[in-house]
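# Results of the structural survey
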Amino acid sequence: MTELEILNLVHQTFHGEAWLNYAMKYFSALAAGGTISIVLCVVLLIFKKTRRCGVALAFALIVDVVVVNLILKNAVGRERPWTHGELSWAEDFYKQYGIDVSLDYCFPSGHTAVTFCAAAVLVIFYRAKAIPAVILAFIIGLSRIYLCEHYPTDVAAGLVIGTMCGIAGYYIYKCTAVYDRVAGWLTSKRYVAEARLFRLRRPNKRTQKFLELFI
């Protein structure tokens, strides 16, 4: 079965349920432009307790944008499924439910990548507590196939690449954190050295009294 046949099967099997169509539309909209991941990153950065995770996520999102949106989408140049004549029903479906279709290339899925990117960072920092984020990322990925905006392979690639971007962002954070600690340690040592040098250069009380006779 080809990927277009899978998307046609999704249409024939599920698109008759209006509530499910709207649900998938709104799940998909959560990740439009990386919205949910960006908002999460900002919230994490606000609070001191979660700031380390927020910094790692910020690095991860930057990596994701560069790898997915700037490099891979343009390098692969895969057209959206609904541009093919085999999905002739797609235009009416999108109009009926007010779905704004994406006009850029579709490989890999940006929605899937950016949500799995965030989920990967959360899992690294919070382990099992991040399971809801992983589930939400899966639902958003499925919504992209459900709405026939992506081929299944686009979403699978988005899952893998987004996860890798999350891990990369974490390690970038770790490298910068090590640098900051080393820089802070060197700075503190410099101040200690300068203080000791000042004490060595400062004359003792007897010398000070002697010098005062000539001032």
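Below is a summary of the structure that appears in this document. (Residues numbered from 1 in each chain as written. Predicted model: local features only at pLDDT ≥ 70, side-chain atom pairs only at ≥ 80, totals over all residues. Heavy atoms only, no water.)

## Side note on the packing of helix α3 (residues 35-46) against helix α6 (residues 110-126)
- Between α3 and α6, whose axes approach to 9 Å, the crossing angle comes to 30°. Between α3 and α6, the crossing angle belongs to the class labelled roughly parallel. Contacts from Ile 36, Ser 37, Leu 40 and Leu 44 of α3 reach α6 at Val 114, Thr 115, Ala 118 and Leu 122.
- Here the contact of α3 with α6 is composed, by residue class, of six nonpolar, two polar and no charged. (Axes fitted to C-alpha atoms, helices over the stretch in contact; angles between N-to-C directions. Helix = DSSP H or I, 4+ residues; strand = E, 2+ residues; numbered from the N terminus. Parallel < 35°, antiparallel > 145°, perpendicular 65-115°, else oblique. Contact = heavy atoms within 4.5 Å. Nonpolar A, V, L, I, M, F, W, Y, C, P; charged D, E, K, R; others polar.)

## Some thoughts on the packing of aromatic side chains
- Following the criterion strictly, the structure yields eleven aromatic pairs and no others.
- Between Phe 116 and Phe 138, the ring centres sit 5.1 Å apart and the planes meet at 90°, which makes this aromatic pair edge-to-face. Placement of the pair is Phe 116 in helix α6 and Phe 138 in helix α7 (residues 131-146), with a sequence separation of 22 residues.
- With a relative accessible area of 6%, Phe 116 lands in the buried category.
- Since its relative accessible area comes to 43%, Phe 138 is described here as partly exposed.
- Connected via pairs of aromatic rings, a cluster forms that spans Tyr 22, Trp 89, Phe 93, Tyr 94 and Tyr 97. (Phe/Tyr/Trp six-rings, centres within 6.5 Å; stacked < 30°, edge-to-face > 60°. Buried < 20%, exposed > 50% of the residue type's maximum accessible area, 1.4 Å probe, protein only.)

## Topic: the pattern of salt bridges
- Tallied over the entire structure, the rule returns six salt bridges.
- When the shortest N-O distance is used, the salt bridge between Arg 78 and Asp 154 registers 2.8 Å. Linking Arg 78 in the loop between α4 (51-76) and α5 (90-97) with Asp 154 in helix α8 (residues 152-201), this pair joins segments that are 76 residues apart in sequence.
- The partly exposed category is assigned to Arg 78, whose relative accessible area is 23%.
- Asp 154 gets classed as buried once you look at its relative accessible area, which sits at 0%.
- Residue Arg 80 pairs with Asp 104 through a salt bridge whose shortest N-O separation is 2.5 Å. (Salt bridge = Lys/Arg side-chain N within 4 Å of Asp/Glu carboxyl O.)

These figures come from the coordinates and say nothing about function on their own.
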